[in-house]
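For reference, the chains in residue letters:
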Amino acid sequence: IHPYDIVSRQSILSKGSDFELWIQSGNLNLTINGENQVLGTVSTEYSHISLTIDASGNDVQYYKNGTLVTTLSYSDIGGDWTGDKWQLAAKGDTPEYFYTGLIDDVVFYNDILNTQEIQLNASPFGTGGTNIGHPDLVHYFELNEGKGTVIEDLGRENLGDGQVFNATFSVI
């Protein structure tokens, strides 16, 4: 992510009331099932963000630029993860909390990546970046379309493309 504004409330990624990754007052926050925790500070510089969610232990690990920043425990990570649609850069049926900044790609895996895999994903050089052949990669929105209103899901489950509203594409 590369936010332009770190003061006002902005949603980076959300899913109904079950999940929201958001920025406010210089902090990166994560809400799961109504329980909010601060992940850490955020700046207006580009940062690679990774979250691992372990539902069996109700733990979330937060990595920034490939380095583990913190592990947080939630009271309940379970929820209706198949219900509401994922939203990028906004939240709600009547969207609000619009994100102002750049997002490079969004990737979902069906298993927890180890630190080495996260560091490889965070690296923009050499063989770094998202391994589209990873056996646990489920959804991969590269966000490189450049124009239009559709974002393609390149993941192996490819349950459907995303739709773009009131956004523009940029080259980072």
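Scoring rules and cut-offs
- Residues numbered from 1 in each chain as written.
- Predicted model: local features only at pLDDT ≥ 70, side-chain atom pairs only at ≥ 80, totals over all residues.
- Heavy atoms only, no water.
- Buried < 20%, exposed > 50% of the residue type's maximum accessible area, 1.4 Å probe, protein only.
- Helix = DSSP H or I, 4+ residues; strand = E, 2+ residues; numbered from the N terminus.
- Arc of directions from axis to C-beta.
- Contact = heavy atoms within 4.5 Å.
- Polar contact = N/O pair within 3.5 Å; in protein donor to acceptor, adjacent residues only side chain to side chain.
- Core = buried A, V, L, I, M, F, W, Y, C linked by side-chain atoms within 4.5 Å.
- Salt bridge = Lys/Arg side-chain N within 4 Å of Asp/Glu carboxyl O.
- Pairing = 2+ DSSP bridges.

Engineer: Explain helix H1 (residues 115-122) to me, please; I cannot follow it from the model alone.
Structural biologist: An α-helical turn contains 3.6 residues, so a residue and the one three or four places further along point in the same direction. Inspection of H1 places Ile-118, Asn-121 and Ala-122 among the buried residues, and these make up the whole buried set. Along the long axis of H1, the arc covered by the buried residues comes to 100°, so they all point the same way. Those residues of H1 that are buried are in contact with strand S6 (49-54), strand S7 (59-64) and strand S11 (106-109). At the N-terminal boundary of H1, the capping side chain belongs to Asn-114, with an oxygen 3.0 Å from the backbone nitrogen of Gln-116.

Engineer: Would you mind showing me how to read the nonpolar core here?
Structural biologist: Across soluble globular proteins, nonpolar side chains have a tendency to be buried as a group. If you look at the biggest cluster of nonpolar residues, it comprises 24 residues, and the most contacted ones within it are Ile-12, Leu-21, Leu-28 and Leu-30. Where this core is concerned, the elements lending two or more residues are strand S2 (10-15), strand S3 (19-24), strand S4 (27-32), S7 and S11. Setting aside chain neighbours within four positions, we find Leu-21 in contact with Ser-11, Ile-12, Leu-13, Leu-28, Asn-29, Leu-30, Leu-39, Ile-49 and Leu-51.

Engineer: Quick question: what am I supposed to make of the side chain of His-48 here?
Structural biologist: Structurally, the position occupied by His-48 is in the loop between strand S5 (35-41) and S6. In this structure, His-48 is in contact with Tyr-63, Lys-64, Asn-65, Ile-118, Asn-121 and Ala-122, ignoring residues within four places of it in sequence.

Engineer: Teacher, can you tell me more about the pattern of salt bridges here?
Structural biologist: When the charged atoms of two side chains with opposite charge come close together, those side chains can pair. Counted according to the given criterion, the structure contains 1 salt bridge. One salt bridge connects Glu-20 with Arg-9, and the closest N-O pair in it is separated by 2.9 Å. Note that Glu-20 is positioned in strand S3 and Arg-9 in the loop between strand S1 (2-3) and S2, a separation of 11 residues in sequence. Judged by its relative accessible area of 3%, Glu-20 falls in the buried class.

Engineer: Looking at this model, I keep getting lost on the pairing of strand S12 (residues 137-141). Mind explaining?
Structural biologist: Remark: a regular strand shows side chains that alternate across the two faces of the sheet. Most of S12 sits inside the fold, with 5 of its 5 residues counted as buried. As paired strands, S11 and S12 are joined by 4 bridges and run antiparallel to one another. Looking at the pairing, Tyr-109 lines up with Leu-137 of S12.

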